[in-house]
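# Observations on chain architecture
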Amino acid sequence: MHRPRKEMIAETRAKLIAAARHAFGTIGYAEASMDDFTASAGLTRGALYHHFGDKKGLLQAVIAEIDGEMAARVNEVAARAPTRWQHFVDECTTYIEMALEPEIQRIMFRDGPAVLGDPAQWPNANACTASMTDHLTKLQEEGVVVPHLDPETAARLINGASSQASQRIANSDEPEATSKQVVAAFKQLLEGLKSK
């Protein structure tokens, strides 16, 4: 039976992303060979170039997939919070704590920034900033957050701080201990946004 071209394209992309994700997550971007992960996917370098342009383009696709999964997990945890403020805090700290997970640590917080540059410039950063801005605006309207604060500016600062916090954990010799310190400091930072 002949499968539609669109379905075959999606399958090829998914195979390449899965193989690259495994390689990037276990041995890292620099050590991952395009020949190795195209072969493990049963595909050729030509397929990689056709769908992603190059190894860097494939890393971007892997990061987009992981980022989507991280966002879903963050939302799931935050949805259980009893208040909007706790929801906001849980979103931020859950994201930071994911830096303890080896695959996320290596791909999102070590290799990603080293290869693709500042995470604040990644395509997904705008969605994160918009979501934080929305939360802060609503918290401000409820009187929870200080009224003179520009929500978008604060969201960008918090986004940058959470990214730096995650990278600190990912690059620490003692990530568990560092995570506890970072999360405590981050929560204290967020408390400074609240109306007294």
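Everything numeric in this text was worked out from a predicted model, so none of it was measured. All chains use their own residue numbering, which begins from 1 and follows the written sequence. Local features in this predicted model are restricted to residues whose pLDDT is 70 or higher, and side-chain atom pairs enter the listing and the counts only when it is 80 or higher, whereas totals over whole chains, interfaces and linings include all residues. Water and hydrogen atoms play no part in the side-chain values, which are based on all heavy atoms of the structure.

### Here we look at the UniProt feature "domain: HTH tetR-type" (unreviewed entry) in the protein
UniProt positions are given in the numbering used here, feature names are shortened, and annotations may be inferred rather than shown by experiment. UniProt's entry tags residues 10–70 with the feature "domain: HTH tetR-type" (unreviewed entry), counted in the numbering of this structure. The secondary structure listing takes helices from DSSP runs of H or I that are at least 4 residues long and strands from runs of E that are at least 2 residues long, numbered from the N terminus. Annotation note: span residues 10–70, helix share 79%, strand share 0%, distance between end C-alpha atoms 22 Å.

### Thoughts on the environment of His22
Inspection of the secondary structure puts His22 in helix α1 (residues 5–26). A relative accessible area of 55% places His22 in the exposed class. Each C-alpha atom, one on His22 and one on Gln105, is 13 Å from the other, the two residues being 83 residues apart in sequence. Throughout this description, buried means an accessible area under 20% of the type-specific maximum (1.4 Å probe, protein chains only), exposed means over 50%, and partly exposed covers the range between.

### Quick word on the nonpolar core
Soluble globular proteins tend to pack their nonpolar side chains together in the buried interior. Think of a nonpolar core as a cluster: buried Ala, Val, Leu, Ile, Met, Phe, Trp, Tyr and Cys residues, connected wherever their side-chain atoms sit within 4.5 Å. Grouped together as the largest cluster of nonpolar side chains are 51 residues, with contacts concentrated most on Phe24, Phe37, Phe88, Ile158 and Leu190. It is helix α4 (residues 55–78) that contributes the most residues to this core, eight residues altogether. If near-sequence neighbours (up to four positions away) are discounted, Phe24 is found in contact with Tyr29, Ala32, Phe37, Lys55, Leu58, Leu59, Val62, Arg106, Ile107 and Asp111. Any two residues having at least one pair of non-hydrogen atoms within 4.5 Å are treated as being in contact.

### Observations concerning the packing of helix α5 (residues 84–97) against helix α8 (residues 151–170)
Note on method: axes are straight lines fitted to C-alpha atoms, helices fitted across the in-contact stretch only, with angles between N-to-C directions ranging 0 to 180 degrees. The geometry of α5 relative to α8 is characterised by a closest axis approach of 8 Å and an angle of 35° between their N-to-C directions. Facing Phe88, Cys92, Tyr95 and Ile96 of α5, the residues of α8 in contact are Ile158, Ser162, Ala165, Ser166 and Ile169. Any residue that is not Ala, Val, Leu, Ile, Met, Phe, Trp, Tyr, Cys, Pro, Asp, Glu, Lys or Arg is counted as polar, Gly included; the first ten are nonpolar and the last four charged. In terms of residue class, the contact of α5 with α8 is made up of seven nonpolar, two polar and no charged.

### Focus: the packing of helix α6 (residues 102–116) against α8
The relative placement of two packed helices is expressed as an angle between their axes plus a distance between the axes. Their axes nearest at 9 Å, the elements α6 and α8 cross at an angle of 105°. Put simply, α6 runs roughly perpendicular to α8. Residues Gln105, Phe109, Arg110 and Pro113 of α6 touch α8, and the partners they reach there are Ser166, Gln167, Ile169 and Ala170. Residue classes in the contact of α6 with α8 are distributed as four nonpolar, three polar and one charged. Any angle that falls under 35 degrees is termed roughly parallel, while one over 145 is termed roughly antiparallel, one within 65 to 115 roughly perpendicular, and all others oblique.

### Remarks on α8
Between its terminal C-alpha atoms α8 stretches 28 Å, which fits the 28 Å expected from 20 residues at 1.5 Å a residue. Those residues of α8 that fall on the buried side of the exposure criterion are Pro151, Ala154, Ala155, Ile158, Asn159, Ser162, Ser163, Ala165, Ser166, Gln167, Ile169 and Ala170. As for α8, its buried residues are in contact with α5, α6, α7 (125–141) and α9 (175–191). Take the residue count of a helix, subtract one, and multiply by 1.5 Å to get its expected span.

### Structural notes on the pattern of salt bridges
Throughout this description, the term salt bridge denotes a Lys or Arg side-chain nitrogen within 4 Å of a carboxyl oxygen of Asp or Glu. Evaluation of the coordinates by the stated rule reveals eleven salt bridges. Glu11 is paired through a salt bridge with Lys15; the nearest N and O atoms lie 3.4 Å apart. On the criterion of helical spacing, the pair formed by Glu11 and Lys15 is a turn pair, its members being four residues apart in helix α1. Glu76 is the salt-bridge partner of Arg80, the closest N and O atoms lying 4.0 Å from each other. The same class applies to Arg80 and to Glu76, which are both exposed. Residues participating in the shared-partner salt-bridge network are Arg21, Glu65, Glu69 and Glu103.

### Description of the side chain of Thr133
With respect to the element layout, Thr133 can be found in helix α7. In this structure Thr133 comes out as buried when scored by relative accessible area, which is 17%. We call two N or O atoms a polar contact when they sit within 3.5 Å, provided that within protein one can donate a hydrogen and the other can accept it, with sequence-adjacent residues counted only if both atoms are side-chain atoms. Among the polar contacts listed, one links the side chain of Thr133 to the backbone oxygen of Thr129, at a separation of 2.7 Å. Each residue touching Thr133, except ones within four places of it in the same chain, is listed here: Pro151, Glu152 and Ala155.

### Structural notes on α7
Across its 17 residues, α7 extends 24 Å between first and last C-alpha, which sits within 8% of the 24 Å expected from 1.5 Å per residue. Those residues of α7 not exposed but buried are Ala125, Thr129, Met132, Thr133, His135, Leu136, Leu139 and Gln140. Relative to the axis of α7, the buried residues are bounded by an arc of 165° and lie together on one face. α7 presents Asn126, Ala127 and Glu141 as exposed residues on the side facing more than 90 degrees away from its buried surface. For α7, the secondary structure elements touched by its buried residues are α5 and α8. The first or second residue beyond α7 is Gly143, which carries a positive phi of 80°. Note that the arc is computed from the directions linking the helix axis to the C-beta atoms.

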